[in-house]
Amino acid sequence: MDVDDLHKRRRLLNRDTIALFGPAWLVMMADMDASSYIGAAQTGATLGYGLIWLMLILIIPLYVIQELAGRIGIATKGGLGDIVRKNYGKRIASIVALPMALTDTVTYGIEYLGIGIGLEIMGLSIYYTIPVIYVIHILIVTRKKYSEAEKPLIIISLLLIIALLLSLALRGIIPVSSPLANPILIKPTAGYFFLLAANVGAVIMPFMIFFQASATGLKLGDLDGGHIRITRRRSLRIMRKETLAGAIVTELLMVIAEMAFAGIPHASHSSFFATPQQLGKVLIPVAGSFSPIILGIGLIAAGFIALITISLGSAWGIAESLNMKKKSYWIIYILESLPAVVAVLIINPSSMIAIVLYLLIFFVFALIAPLAMMWIIGRNKNIMGDLVLSRKNEVVYLLMFGLIIATACIAVAT
């Protein structure tokens, strides 16, 4: 191959990479949602650096699961709901839609709770602000203004990470002599396994699976319509690199968050959970008295990104399963998120952090249905064609599946 041919291939690869870039990276950024920050904060406040090893190990199952979601999107150029309906019938699709809808409602709930905690940290009443957040969310997704909303929200979320990193740098690493400095901590206690399972639930969420499959398929469909042809194998390679990069960055951000919150004063004697006010002090080294405001705004932005991603991923999947027309998708958005908003408004604000952590463990069990569905689709050669799971990939996927569910079972058993 001469130099001109090599340059031409590189240009085409760069063009294809830029054209296909987006779904995997965005869903990984949405993974750093408000509940993930809260899980990392509680872990750091309680166990210090003790679960850093877990954050790094979770890169593997996060990549394996999201890779299959992206692979399905590339193979079918459609969302999971649409795939199930076309290949397994309307009855199966309708049955699948119910647990998806229930999971969505809970996911919306945890994001509104995370936003509520951000508001509480800032000293704002959730009873006036959460309804406003709900109206803005519905307007964004129904009027298709998500691209305009995502950019500033992602910037705010990145600024929060930078603030946490600066706070960690100014406060300094916890001395090695402190028990909180141990990056590999294994304690056979109920509280330890509870936080371990909560961190797994914070990293791998059902809406991420639906979003990456649907968004990747739609992206390829749009590229075909714009006469940009990318082969399935090249699409797979590009998606894998983007997914791996996103998985690594996401978990490193979780490590930064855990380390930043490590050792902050919390009510360890009176309660297992730190309060929003205690968490709000984490940025004092870099922001002083503005610490609660910056953290609160960051949590609200992170939660909002996830709200939009849920609507564009899971809710689309449900609408596709039920064969609804796109102009009627707003019904799903409202029916799923309204109960979540009402639930947040009627609970005691002082219990919001505890509820978020319990729901993160619930998410691990909620993964059973979508993970099983992806496995069934991924091994179906009639659907996947040449992108069908190999025996090796299938074994690795099932191993990750089993380990994830095992963590929640251990947490519940202890």
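In what follows, the structure referred to is the one given above.
Structural notes, computed from the coordinates.

Parameters at a glance
- Residues numbered from 1 in each chain as written.
- Predicted model: local features only at pLDDT ≥ 70, side-chain atom pairs only at ≥ 80, totals over all residues.
- Heavy atoms only, no water.
- Phe/Tyr/Trp six-rings, centres within 6.5 Å; stacked < 30°, edge-to-face > 60°.
- Buried < 20%, exposed > 50% of the residue type's maximum accessible area, 1.4 Å probe, protein only.
- Patch = residues over 30% accessible without salt bridge, like charges linked within 9 Å, V, L, I, M, F, W, Y side chains within 5 Å.
- Areas by Shrake-Rupley, 256 points an atom, 1.4 Å probe, with all protein chains shown as cover.
- Salt bridge = Lys/Arg side-chain N within 4 Å of Asp/Glu carboxyl O.
- Helix = DSSP H or I, 4+ residues; strand = E, 2+ residues; numbered from the N terminus.
- Contact = heavy atoms within 4.5 Å.
- Core = buried A, V, L, I, M, F, W, Y, C linked by side-chain atoms within 4.5 Å.
- Expected span 1.5 Å × (residues − 1).
- Bend = angle between axes of the 7 residues up to and from the residue.

**Quick look at the packing of aromatic side chains**
The geometry of two aromatic rings is summed up by the distance between their centres and the angle between their planes.
Thinking step 1. For the structure shown, the criterion picks out 4 aromatic pairs.
Thinking step 2. Summarising the aromatic geometry, the rings of Y192 and F193 are spaced 5.6 Å apart at their centres and angled 75° between planes, so their arrangement reads as edge-to-face.
Thinking step 3. Judged by its relative accessible area of 2%, Y192 is buried.
Thinking step 4. Between F362 and F363, the aromatic rings sit 6.3 Å apart at their centres with planes inclined by 45°, giving tilted as the arrangement.
Thinking step 5. Classification of F363 as buried rests on a relative accessible area of 0%.

**Topic: a nonpolar patch on the surface**
Thinking step 1. Together, I155, L159, I162, L166, L170 and V286 make up an exposed nonpolar region whose accessible area comes to about 550 Å².
Thinking step 2. Ranked by residue count, the leading element in the nonpolar patch is helix α9 (residues 146-171), at 5 residues.
Thinking step 3. Within the element layout of this structure, I155 appears in helix α9.

**Observations regarding the side chain of S36**
Thinking step 1. Residue position: S36 is located in helix α3 (residues 34-47).
Thinking step 2. Relative accessible area serves as the criterion here: at 0%, S36 is assigned to the buried category.
Thinking step 3. If we skip the residues at most four places from it in the chain, S36 touches D31, A202, M205 and M254.

**Focus: the nonpolar core**
Thinking step 1. Ranked by internal contacts, the top residues of the largest apolar core, which has 139 residues, are Y37, L80, Y112, L164, L360, M374 and I377.
Thinking step 2. At 15 residues, helix α15 (residues 291-321) tops the list of elements feeding residues into this core.
Thinking step 3. Residues contacting L80, with those up to four places away along its chain left out, are I72, I209, F210, A213, S214, E320, M373, M374 and I377.

**Re helix α16 (residues 329-346)**
Thinking step 1. Taking 1.5 Å of rise per residue, 18 residues should cover 26 Å, and α16 covers 27 Å from first to last C-alpha, within 8% of that figure.
Thinking step 2. The largest bend in α16 comes to about 25°, at S337, with the proline P339 one to four residues further on.
Thinking step 3. Buried residues of α16: Y329, I332, Y333, E336, S337, A340, V341 and V344, and no others.

**What about the side chain of T243?**
Thinking step 1. Inspection of the secondary structure puts T243 in helix α12 (residues 232-261).
Thinking step 2. What makes T243 buried here is its relative accessible area of 0%.

**Describing helix α6 (residues 80-88)**
Thinking step 1. Taken as a whole, α6 has its buried residues at L80, G81, D82, I83, V84 and R85.
Thinking step 2. Just past α6, the residue G89 takes up positive phi, approximately 95°.

**A word on the pattern of salt bridges**
Thinking step 1. If you walk through the whole model with that rule in mind, you get 3 salt bridges.
Thinking step 2. With a closest N to O distance of 3.0 Å, R71 and E67 form a salt bridge. Placement of both R71 and E67 in helix α5 (residues 59-76) is noted, with a separation of 4 residues, approximately one turn of the helix. The pair formed by R71 and E67 is uniform in burial state, with each residue classed as buried.
Thinking step 3. Measuring nitrogen to oxygen at the nearest pair gives 2.8 Å for the salt bridge that ties E394 to R379. Placement of the pair is E394 in helix α20 (residues 391-413) and R379 in the loop between α18 (368-378) and α19 (381-384), with a sequence separation of 15 residues.

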